Amino acid sequence: MLVQELNERSHDFAGRNNKQENKRENTETQRMKNSGNEPEQEQQKIKNEEAREERIKETGQVLLEEGGEGAHIHLISIIGEIEGHENLSGNTKTTKYEHILPKLAEIEDSREVDGVLVMINTVGGDVSCGLALAEMIASLSKPTVSLVIGDSHSIGVPLAVATDYSFIVPTGTMMIHPVRMSGTVIGAVQTYDYFEMIQDRILNFVSGHSQIAYDQLRRLMLNTEMLTKDLGTVLVGSDAVKEGLICEVGGIREALQKLNRMVLERKEI
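Residues numbered from 1 in each chain as written. Predicted model: local features only at pLDDT ≥ 70, side-chain atom pairs only at ≥ 80, totals over all residues. Heavy atoms only, no water.

Spanning twelve residues, helix 3 (residues 127-138) covers 16 Å between terminal C-alpha atoms, matching the ideal 16 Å at 1.5 Å per step. Taken residue by residue, helix 3 has Val127, Cys129, Gly130, Leu131, Leu133, Ala134 and Ile137 as its buried positions. Along its buried surface, helix 3 packs onto strand 2 (73-83), helix 2 (97-109), strand 4 (115-125), strand 5 (144-153), helix 4 (156-161) and helix 5 (189-208). In this structure Asp126 caps helix 3, since a side-chain oxygen of it lies 3.1 Å from the backbone nitrogen of Ser128. (Helix = DSSP H or I, 4+ residues; strand = E, 2+ residues; numbered from the N terminus. Expected span 1.5 Å × (residues − 1). Buried < 20%, exposed > 50% of the residue type's maximum accessible area, 1.4 Å probe, protein only. Contact = heavy atoms within 4.5 Å. Polar contact = N/O pair within 3.5 Å; in protein donor to acceptor, adjacent residues only side chain to side chain.)

Structure, rendered in structure tokens:
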């Protein structure tokens, strides 16, 4: 009887030891699995950061998704000279419209992107391609905001007003001038009429997407009293707002705040 009781106690003690040992082994195995995943997660995070940096370097675009509002904002920068149907010099900073057009189409089709911020610092460039970009931005169904951080000259003006709302920093400038053409120019009435047609396209677009009247915009374009070697007008910061071209003076803080509010309002509808 005593021997049987001792045997039962011995079995119980051994069972408890086995359970504790199995528990320790399971805990150790789980810890090793978790530690094994950490390097993979860290490597993936590094790869994502490298891809993000490369996209910024190559295209000037990035997805802003870590803000407190929770909105996913796609940033597109338009800098330097807007390249047209011919490649410019390798020494010239350019914005390639053939990169931005498909990206805008992808943004319109994407469920991940909530809004678009267009950052502008351009001296102008190809009229046809710049106007095509402006029309594409204006046709987006998602909320859009532009921010002129330096210059928005020539065909940069339609790009600045193509968004739903626009900002310009206090020292930013906008230059409005007549259309220029390089290469061979035929001295005929038809050439002048063609220039008029191009200018009319620009004037109609800008006046249709801002608060400035067509006639006032044309007067600014043909102004002879400001520029010494050209016709036109340069508007600085608040002057662009007073003329009705830009909605508000502000910087990146105001632009993101406005865009986030627009995204939130759109989601609530």
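Structure shown, so let's carry the discussion forward.
As a further point, take the environment of Thr163. By secondary structure assignment, the location of Thr163 is in the loop between helix 4 and strand 6 (165-168). The spatial distance from the C-alpha of Thr163 to the C-alpha of Ala138 is 5.7 Å, given a sequence separation of 25 residues. With near-sequence residues (within four places) excluded, Thr163 lies in contact with Val118, Ile137, Thr144, Val145 and Ser146. A polar side-chain atom of Thr163 sits 2.8 Å from the main-chain carbonyl oxygen of Tyr165.

What follows concerns the pairing of strand 2. Counted residue by residue, strand 2 has nine buried out of eleven residues, so it is predominantly covered. The sheet contact formed by strand 2 and strand 4 spans ten bridges and is parallel. Counted as the bridge partner of Gly80 is Thr122 from strand 4. Here strand 2 runs beside strand 3 (residues 94-96); their pairing, made up of three bridges, is parallel. Within strand 3, the residue paired with Glu81 across the bridge is Thr94. (Pairing = 2+ DSSP bridges.)

Turning to the pairing of strand 5, a few remarks are in order. Within strand 5, eight of the ten residues are buried, leaving the element largely enclosed by the surrounding structure. Pairing geometry for strand 4 and strand 5, over six bridges, is parallel. Across the sheet, residue Thr122 finds its bridge partner in strand 5, namely Ser152. Handedness of the crossover joining strand 4 and strand 5 through helix 3: right-handed. (Right-handed = clockwise from strand over helix to strand, strands pointing away.)

Turning to the nonpolar core, a few remarks are in order. Soluble, globular proteins show a tendency: their nonpolar side chains are buried together. Among the nonpolar cores identified, the biggest contains 43 residues, and Leu159, Met174, Ile176, Val206 and Leu245 are the most heavily contacted of them. Mapped by element, the contributors of at least two residues to this core are strand 2, helix 2, strand 4, helix 3, helix 4, strand 7 (173-176), helix 5 and helix 6 (214-221). In terms of nonpolar packing, the next biggest core, distinct from the first, is built from 14 residues, Leu117, Tyr165, Ala255 and Met262 among them. (Core = buried A, V, L, I, M, F, W, Y, C linked by side-chain atoms within 4.5 Å.)

As a further point, take the layout of surface pockets. In this model, the largest pocket occupies a volume close to 860 Å³. If you trace the largest pocket, you find 32 residues lining it, with Gly125, Asp126, Val127, Arg180 and Met181 closest to the centre. Elements represented by at least two residues in the lining of the largest pocket include exactly strand 2, strand 4, helix 3, strand 7, helix 5 and helix 6. Looking at the lining of the largest pocket element by element, the count peaks at six residues for helix 5. Of the residues that constitute the lining of the largest pocket, the class distribution is 18 nonpolar, eight polar and six charged. (1 Å grid on protein atoms, 1.4 Å probe; cavity = no way out; pocket = protein on both sides within 12 Å on 5 of 7 lines; lining within 4 Å. Points joined across faces, edges and corners; volume = space filled by probe spheres on them. Nonpolar A, V, L, I, M, F, W, Y, C, P; charged D, E, K, R; others polar.)

It is worth spelling out the environment of Leu131 at this point. Of note, Leu131 is situated in helix 3. The sequence separation of Leu131 and Ile155 amounts to 24 residues, and the corresponding C-alpha distance is 7.0 Å. Apart from the residues lying within four places of it in its own chain, the contact partners of Leu131 are Ile155, Pro158, Arg201 and Phe205.

In short, the description is geometric, and any link to function would need to be established separately.
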